[in-house]
Amino acid sequence: MRTISDDVAVRLYHLGDDGAAVTLLYGALSEALALAAAQPDDVQDGLFLQTSDDVVSYLDYIEG
C-alpha cells in the first residue's frame, strides 16, 4: 500500500466466504487499524483496507 499517513481516508471491509463485502468503516487509517485489531482472528482473515489507489489485506498490511 502506497499510503503511509495515519489520517488518510480508507474503507475497512470484510470479504466473506460468499464473496459479499461488508463495510465496517469509512474513516482514517488509524481508526480502521484499531477496529481491525479488535476483531477476532477469523474475521481478521477476511479484512481489507482500501484507499483511492490500493487495496491490501489487513494481515498483509500489519505484517509489513
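To keep things clear, this report deals only with the structure shown in the data block. (Residues numbered from 1 in each chain as written. Predicted model: local features only at pLDDT ≥ 70, side-chain atom pairs only at ≥ 80, totals over all residues. Heavy atoms only, no water.)

1. Focus on the pairing of strand β1 (residues 9–15)
And step 1. Of the pairings in the sheet, the one linking β1 to strand β2 (residues 21–28) comprises seven bridges and is antiparallel in character. Bridge pairing links L15 to A21 in β2.
And step 2. Two successive antiparallel strands, β1 and β2, enclose a turn made up of five residues, where G19 displays a positive phi of approximately 90 degrees.
And step 3. Across four bridges, β1 lies against strand β3 (residues 47–50) in antiparallel orientation. If you follow R11 over to β3, its bridge partner there is Q50. (Pairing = 2+ DSSP bridges. Helix = DSSP H or I, 4+ residues; strand = E, 2+ residues; numbered from the N terminus.)

2. A word on the nonpolar core
And step 1. In terms of nonpolar packing, the biggest core is built from nine residues, these being V10, L12, L29, A32, A36, L47, L49, V56 and Y58.
And step 2. Listing elements by their share of this core, those giving two or more residues are β1, α1 (29–37) and β3.
And step 3. Top element by residues in this core is α1. It accounts for three residues. (Core = buried A, V, L, I, M, F, W, Y, C linked by side-chain atoms within 4.5 Å. Buried < 20%, exposed > 50% of the residue type's maximum accessible area, 1.4 Å probe, protein only.)

3. Structural notes on the side chain of Q44
And step 1. Residue position: Q44 is located in helix α2 (residues 41–44).
And step 2. Judged by relative accessible area, which is 10%, Q44 ranks as buried.
And step 3. The contacts of Q44, once residues within four sequence positions are left out, are A36, A37, Q39, Y58 and L59. (Contact = heavy atoms within 4.5 Å.)

4. Overview of the sheet that holds strand β4 (residues 55–57)
And step 1. The strand order across the open sheet built from four strands is β2-β1-β3-β4, with neighbouring strands paired in antiparallel fashion. The sheet terminates laterally at β2 and β4, the two strands that pair on one side only. The average angle at which neighbouring strand axes cross in this sheet is 25 degrees, direction not considered. (Axes fitted to C-alpha atoms, helices over the stretch in contact; angles between N-to-C directions.)

5. Let's talk about the packing of aromatic side chains
Aromatic rings considered in pairs are described by the distance between their centres and by the relative angle of their planes.
And step 1. Counted according to the given criterion, the structure contains one aromatic pair.
And step 2. For the ring pair Y13 and F48, a centre distance of 5.6 Å and an interplane angle of 20 degrees mean the geometry is stacked. Of this pair, Y13 sits in strand β1 while F48 is found in strand β3, placing the two residues 35 residues apart along the sequence.
And step 3. Y13 gets classed as buried once you look at its relative accessible area, which sits at 11%.
And step 4. Its end group placed over the ring of Y13, R11 keeps NZ or CZ at 4.3 Å from the ring centre. (Phe/Tyr/Trp six-rings, centres within 6.5 Å; stacked < 30°, edge-to-face > 60°. Lys NZ or Arg CZ within 6 Å of the ring centre and 35° of its normal.)

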